Amino acid sequence: MHISKKEVEVRYAETDQMGVVYHANYLVWMELGRTQLIEDLGFRYADMEKDGIISPVMDIEISYKKPLRYGQKAIVHTWIDHYDGLRVTYGYEIFTDEQELAVTALSKHVCVKKSNFRPISVKKLYPDWHAAYEKAKKD
């Protein structure tokens, strides 16, 4: 299983009135983690979009364990938790710069044609991408 790592500096604008990272910003960091994982595997999501294929989120599960604050760094660990050639579930752990677990999450996606939102088979349309996901996914 391949685990990608992306470091994110917590910006002041990402915090709420309590001085902690606003909960929705973790979703943005998860997207950064997915993008890093895809790049680590040798691909670019933007190239898929040029082909008229997008990968919307179908479901999100997130559990907040410890707050992150302005001035800290978040380290986003991302992996392919499940993949079946059509749907993919990404797993995430977001750590503080002191190695403390702040968030665990899963996001489920499906690749669809942008024009009609009909699912496509990654296995058929992008065989290299499929092979890389099969190799990198969690056992």
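Residues numbered from 1 in each chain as written. Predicted model: local features only at pLDDT ≥ 70, side-chain atom pairs only at ≥ 80, totals over all residues. Heavy atoms only, no water.

Caption draft 1: Representation of the overall build of the protein chain within the structure. From N to C terminus, the protein chain includes four helices and seven strands. By the compact-globule yardstick of 14 Å for 139 residues, the protein chain fits well, its C-alpha radius of gyration being 16 Å. Overall, the C-alpha framework of the protein chain stretches about 45 × 30 × 20 Å when taken along its three principal axes. Classification of the 139 residues of the protein chain by burial places 41% in the buried group. Long-range pairs, those at least 24 residues apart, make up 67% of the contacts in the protein chain between residues at least 6 apart in sequence. As displayed, the protein chain has an accessible area near 8100 Å², and 50% of this comes from carbon and sulfur atoms. (Helix = DSSP H or I, 4+ residues; strand = E, 2+ residues; numbered from the N terminus. Rg over C-alpha atoms; globule rule 2.2 N^0.38 Å. Buried < 20%, exposed > 50% of the residue type's maximum accessible area, 1.4 Å probe, protein only. Contact = heavy atoms within 4.5 Å. Areas by Shrake-Rupley, 256 points an atom, 1.4 Å probe, with all protein chains shown as cover.)

Caption draft 2: Here's a closer look at a nonpolar patch on the surface. Residues L27, V57 and I60 make up a contiguous nonpolar surface patch of about 220 Å² in total accessible area. Its place among the elements puts I60 in strand 3 (residues 57-64). What makes I60 partly exposed here is its relative accessible area of 33%. (Patch = residues over 30% accessible without salt bridge, like charges linked within 9 Å, V, L, I, M, F, W, Y side chains within 5 Å. Salt bridge = Lys/Arg side-chain N within 4 Å of Asp/Glu carboxyl O.)

Caption draft 3: Geometry of unusual backbone geometry. You will see that Q99, though not glycine, has its phi angle at about 70°, which is positive. Mapped onto the secondary structure, Q99 falls in the loop between strand 5 (87-96) and strand 6 (101-110). Even without a glycine there, the phi angle at F117 is positive, about 60°. Residue position: F117 is located in the loop between strand 7 (112-113) and helix 3 (122-125).

Caption draft 4: Structural view of the pattern of salt bridges. Summed over all chains, the structure comprises seven salt bridges. A salt bridge links K50 to D47; the nearest nitrogen and oxygen atoms lie 3.9 Å apart. Taken together, the positions of K50 and D47, both in helix 2 (residues 45-50) and three residues apart, correspond to about one turn of that helix. With a shortest N-O distance of 3.3 Å, D81 and K138 are connected by a salt bridge. Taken together, the residues span a long stretch of sequence, with D81 in strand 4 (residues 73-83) and K138 in the segment after helix 4 (127-136) at a distance of 57 residues. Owing to a relative accessible area of 40%, K138 belongs among the partly exposed residues under this scheme.

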